[in-house]
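Structural overview for review
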Amino acid sequence: MKRLLFLSLTLVSILALTVLIGAQPKPITRTVKGQVLTSSDMPAVKIEFDKSFRYIGSQSFVLYDVANAEQHFFVDADKDGRIKRFYWVQFEGYLPSNTHSYNYKSPKVVNAGGFDFFADANARSLTGNLGRPDSDGARARAFLSAKGFRPAGTEFLSQRLVHLIDQAKRNELMIIYVEDLTGTGLTAADLSEGGSARARWPEISQGLLDRALKNMKVNKWAVAWRDWRER
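Residues numbered from 1 in each chain as written. Predicted model: local features only at pLDDT ≥ 70, side-chain atom pairs only at ≥ 80, totals over all residues. Heavy atoms only, no water.

Considering the overall build of the chain
Using the following cut-off: Numbering of helices and strands starts at the N terminus; helices are DSSP runs of H or I of at least 4 residues and strands are runs of E of at least 2. Buried, partly exposed and exposed residues are distinguished by accessible area as a fraction of the type maximum, computed with a 1.4 Å probe on protein chains only: under 20%, between the cut-offs, and over 50%, respectively. Throughout, a residue-residue contact means that at least one pair of heavy atoms, one from each residue, lies within 4.5 Å. In short, Shrake-Rupley with a 1.4 Å probe defines the accessible areas, and a residue's cover is counted only from the protein chains shown.
In terms of regular secondary structure, the chain is built from 5 helices and 12 strands. Within the chain, the fraction of its 231 residues that count as buried is 42%. Sequence separation of at least 24 residues holds for 67% of the intrachain contacts in the chain that already meet a minimum separation of 6. For the chain, the accessible area works out to roughly 13,400 Å², and carbon and sulfur atoms hold 56% of it.

Some words on helix α2 (residues 136-146)
The set of residues buried in α2 consists of D136, G137, A138, A140, F143 and L144. Those residues of α2 that are buried lie in contact with β4 (54-63), β5 (67-77), β6 (82-94) and β11 (171-180). Where α2 ends, the next residue or the one after it, G148, has phi of about 90 degrees, a positive value.

A word on the pairing of β5
Note the threshold: A pair of strands is labelled paired if DSSP reports no fewer than 2 bridges between them.
Of all 11 residues in β5, 10 are buried; the element is thus mostly enclosed. Looking at chain direction, β4 and β5 are connected through 9 bridges and run antiparallel. Residue pairing in the sheet places S60 in a bridge with E70 of β5. In this antiparallel pair of consecutive strands, β4 and β5, the connection spans 3 residues, and Y64 shows a positive phi of 55 degrees. Sheet analysis places β5 next to β6, joined by 11 bridges and oriented antiparallel.

Quick word on unusual backbone geometry
Following M42, the chain continues into P43 via a peptide bond in cis, with omega recorded as -10 degrees. Looking at where P43 falls in the secondary structure, it is placed in the loop between β2 (36-39) and β3 (45-49). Positive phi is not limited to glycine here, since M42 has a value of about 50 degrees. Mapped onto the elements, M42 comes out in the loop between β2 and β3. Although it is not a glycine, D65 sits at a positive phi angle of roughly 65 degrees. Position of D65 relative to the elements: it lies in the loop between β4 and β5.

Some points on the layout of surface pockets
Note the threshold: In this analysis, the protein atoms alone were mapped onto a 1 Å grid. Cavities are point sets where a 1.4 Å probe fits without being able to get out; pockets are open sets with protein on both sides within 12 Å along at least five of seven lines; lining residues have an atom within 4 Å of a point. Grid points are joined across faces, edges and corners, and a volume is the space filled by probe spheres set on the points. Residue polarity is assigned by list, with Asp, Glu, Lys and Arg as charged and Ala, Val, Leu, Ile, Met, Phe, Trp, Tyr, Cys and Pro as nonpolar; anything else, Gly included, falls into the polar class.
Of the pockets and cavities examined, the largest pocket occupies roughly 840 Å³. Residue composition of the lining of the largest pocket, by class: 21 nonpolar, 8 polar and 12 charged. For the second largest pocket, the calculated volume is near 340 Å³. Lining the second largest pocket are 19 residues, and of these K26, R30, N68, G93 and N171 sit closest to its centre. Listing elements by their share of the lining of the second largest pocket, those giving two or more residues are β5, β6 and β11. The dominant element in the lining of the second largest pocket, judged by the number of residues it contributes, is β6, at 4 residues. Across the lining of the second largest pocket, the residue classes tally to 8 nonpolar, 5 polar and 6 charged.

In structure tokens:
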């Protein structure tokens, strides 16, 4: 009986350790040199950002215990760290421990550098519901704050671009471009459904998308055979 109990406890310990190990974030594998972020796979891509954006770093974590996420940030801020606009790039993929897949409903698709991206935009307020405290957005805000940056205001525009990397739809490249609304005279509520400036949303959202694409260059990157061989 004692032996059976010991074996049972040992099995539980092994399973718990396996879950713990599986939940550890992967090391950061993408690199940044100057204005260029390079990923050798998933997907193989180079993204170059306008010189007005400064690279401030990256972080890696397990999102909701189901997916690995690697974030990189390029920020345009004033000397006091107030953010006017920024890019948040996220490489994300589900863990082998689940069978989830990504399912985006956005009807708008744009092509950048040979990659198809689902494109959707929103007007948001930092005074509203920002979602779960353990979300990727919350982690992004915490990272920016830890680096000494803060929003210039509480109202902003957000353009999300998502490319599904594999046919199984279990890995994605997400690029989010954010602009502060301070100085425009508009709030997120004005641009939301039923808001006083809602009629302007098609024009404003298209301008946001144009700027998001204008200030970065996405290129497919064929990794040299020598690079693959040396892995």
